[in-house]
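Each chain is listed here by its residues.
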Amino acid sequence: MCLRIRTSAPPMGRRGHRNPAMDRRLSNPPVPGAPVDFSFKCINSVEDVLLEEPRLGVRPLKRCENGKLLSQALRLNNNTLTDLKGFGETAEKLLSDPPQLRWIDLSFNDLSTIDSVLPKYRNLSVLNLHSNSIRQLSQVDKLAALPNLKSLTLHGNPIEGERGYRCYILSVLPQLKTLDFSAVTKQDRVTADVWRRMNMKPRRLRRNKDE
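Here the structure is a predicted model, which means the values were calculated and not measured.

### Quick word on the overall build of the protein
Consideration 1: In terms of regular secondary structure, the protein is built from 4 helices and 7 strands.
Consideration 2: Going through the 211 residues of the protein one by one, you find that 36% of them count as buried.
Consideration 3: Accessible surface for the protein amounts to roughly 13,000 Å². Of this, 53% is attributable to carbon and sulfur atoms.

In structure tokens:
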């Protein structure tokens, strides 16, 4: 666990008034360190991450007193991963607070599905999955459980060639601000809404006919 200062009340300034600057310092959490970067490591199993040292970047990595890394971003891009088996367990051993992950880069691997472990990171804001081997658009449905997801990349996967690719994703994830490094425009949302209504009609008609 990271070292935290415990206090029953914020320090008082002159004449018993609260010190605003000290209040801010106590209420703000520690600033997370640089992204934990395991890119270009020829990693073919998530568990192998624990055998590697993260790359050094411009910003230094921060560690808690137990040795775990203080970061909200994890880079596993440009490796040879085919699945994310053991991702949760590895994150627990590697990071000080895995549920706070906000950015995961898994681009340029060989993932054929969107693993069900990813929606468990509810604070995830950026997810890079471009240049993998995902073939079914329905895999995107799993990400609907991520309320804070704002940026997603899936280009370079076989699903990119599917009809209605962009509209389908924006229908499932209407909260996205960028998709495939391209800003989601107002027109994109209108088009996705029309597409969704048009593609839902046959389902309703079939259900009514069955009834």
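And the narrative resumes.
### Description of the environment of Leu124
Consideration 1: Looking at the secondary structure, you find Leu124 in the loop between strand 3 (103-105) and strand 4 (126-128).
Consideration 2: Of the residues examined, Leu124 reaches a relative accessible area of 0% and is grouped as buried.
Consideration 3: Distance in space between the C-alpha atoms of Leu124 and Trp103 is 5.9 Å, their sequence separation being 21 residues.
Consideration 4: Aside from chain neighbours lying at most four places away, what touches Leu124 is Leu101, Arg102, Trp103, Ile104, Leu118, Leu146, Asn148 and Leu149.

### Considerations on the sheet that holds strand 5 (residues 151-153)
Consideration 1: One open sheet holds the 7 strands; their spatial order is 1-2-3-4-5-6-7, and the pairing between them is mixed. Where the open sheet ends on each side, the last strands, each with one partner, are strand 1 (36-37) and strand 7 (182-183).
Consideration 2: Bridge analysis of strand 4 against strand 5 gives 3 bridges, and the strand direction is parallel. Bridge assignment links Val126 to a residue of strand 5, and that residue is Ser151.

### Some details on the packing of aromatic side chains
Consideration 1: Scanning the model with the defined rule gives 2 aromatic pairs in all.
Consideration 2: Arranged with centres 5.7 Å apart and planes meeting at 75°, the rings of Phe87 and Tyr121 form a pair that is edge-to-face. Here the residue Phe87 occupies a position in helix 2 (residues 87-94), and Tyr121 occupies one in the loop between strand 3 and strand 4, the gap between them amounting to 34 residues.
Consideration 3: On the basis of relative accessibility, which here comes to 2%, the residue Phe87 falls in the buried class.
Consideration 4: Owing to a relative accessible area of 8%, Tyr121 belongs among the buried residues under this scheme.
Consideration 5: Here Tyr168 and Trp195 contribute two aromatic rings whose centre-to-centre distance is 6.0 Å and whose plane-to-plane angle is 80°, an arrangement assigned as edge-to-face. You can see Tyr168 sitting in helix 3 (residues 165-172) and its partner Trp195 sitting in helix 4 (residues 186-210), a full 27 residues away along the chain.

### Here we look at a negative patch on the surface
Consideration 1: The grouping of Glu47, Asp83, Glu89, Glu92 and Asp97 at the surface amounts to a negative patch.
Consideration 2: Within the secondary structure, Glu92 sits in helix 2.
Consideration 3: Taking the relative accessible area as the measure of exposure, Glu92 reaches 43% and is therefore partly exposed.

### A look at the side chain of Ser151
Consideration 1: Along the chain, the position of Ser151 falls in strand 5.
Consideration 2: Not counting residues up to four positions away in its chain, the partners in contact with Ser151 are Ser125, Val126, Leu127, Leu176 and Thr178.

### Some thoughts on the pattern of salt bridges
Consideration 1: Under the criterion given, the structure shown has 5 salt bridges.
Consideration 2: Of the charged contacts in the structure, one is a salt bridge between Arg75 and Asp37, with a shortest N-O distance of 3.7 Å. Linking Arg75 in strand 2 (residues 73-75) with Asp37 in strand 1, this pair joins segments that are 38 residues apart in sequence.
Consideration 3: Under the relative-accessibility criterion, Arg75 is labelled partly exposed at 24%.
Consideration 4: Between Asp193 and Arg196 there is a salt bridge, with the nearest N and O atoms lying 2.5 Å from each other. Highlighted residues: Asp193 and Arg196, both in helix 4, separated by 3 residues, approximately one helical turn.
Consideration 5: Judged by its relative accessible area of 28%, Asp193 falls in the partly exposed class.

### Overview of helix 2
Consideration 1: Among the residues of helix 2, Phe87, Thr90, Ala91 and Leu94 are the ones counted as buried. One side of helix 2 carries all its buried residues, which in axial view fall inside an arc of 100°. In helix 2, the exposed positions angled more than 90 degrees off the buried face are occupied by Glu89 and Lys93.
Consideration 2: Along its buried surface, helix 2 packs onto strand 1, strand 2 and strand 3.

Rules used in this analysis
Residues numbered from 1 in each chain as written. Predicted model: local features only at pLDDT ≥ 70, side-chain atom pairs only at ≥ 80, totals over all residues. Heavy atoms only, no water. Helix = DSSP H or I, 4+ residues; strand = E, 2+ residues; numbered from the N terminus. Buried < 20%, exposed > 50% of the residue type's maximum accessible area, 1.4 Å probe, protein only. Areas by Shrake-Rupley, 256 points an atom, 1.4 Å probe, with all protein chains shown as cover. Contact = heavy atoms within 4.5 Å. Pairing = 2+ DSSP bridges. Phe/Tyr/Trp six-rings, centres within 6.5 Å; stacked < 30°, edge-to-face > 60°. Patch = residues over 30% accessible without salt bridge, like charges linked within 9 Å, V, L, I, M, F, W, Y side chains within 5 Å. Salt bridge = Lys/Arg side-chain N within 4 Å of Asp/Glu carboxyl O. Lys, Arg positive; Asp, Glu negative; His and termini not counted. Charge placed at Lys NZ, Arg CZ, Asp CG, Glu CD. Arc of directions from axis to C-beta.

From the geometry alone we can't say anything about function, so treat these as descriptive.
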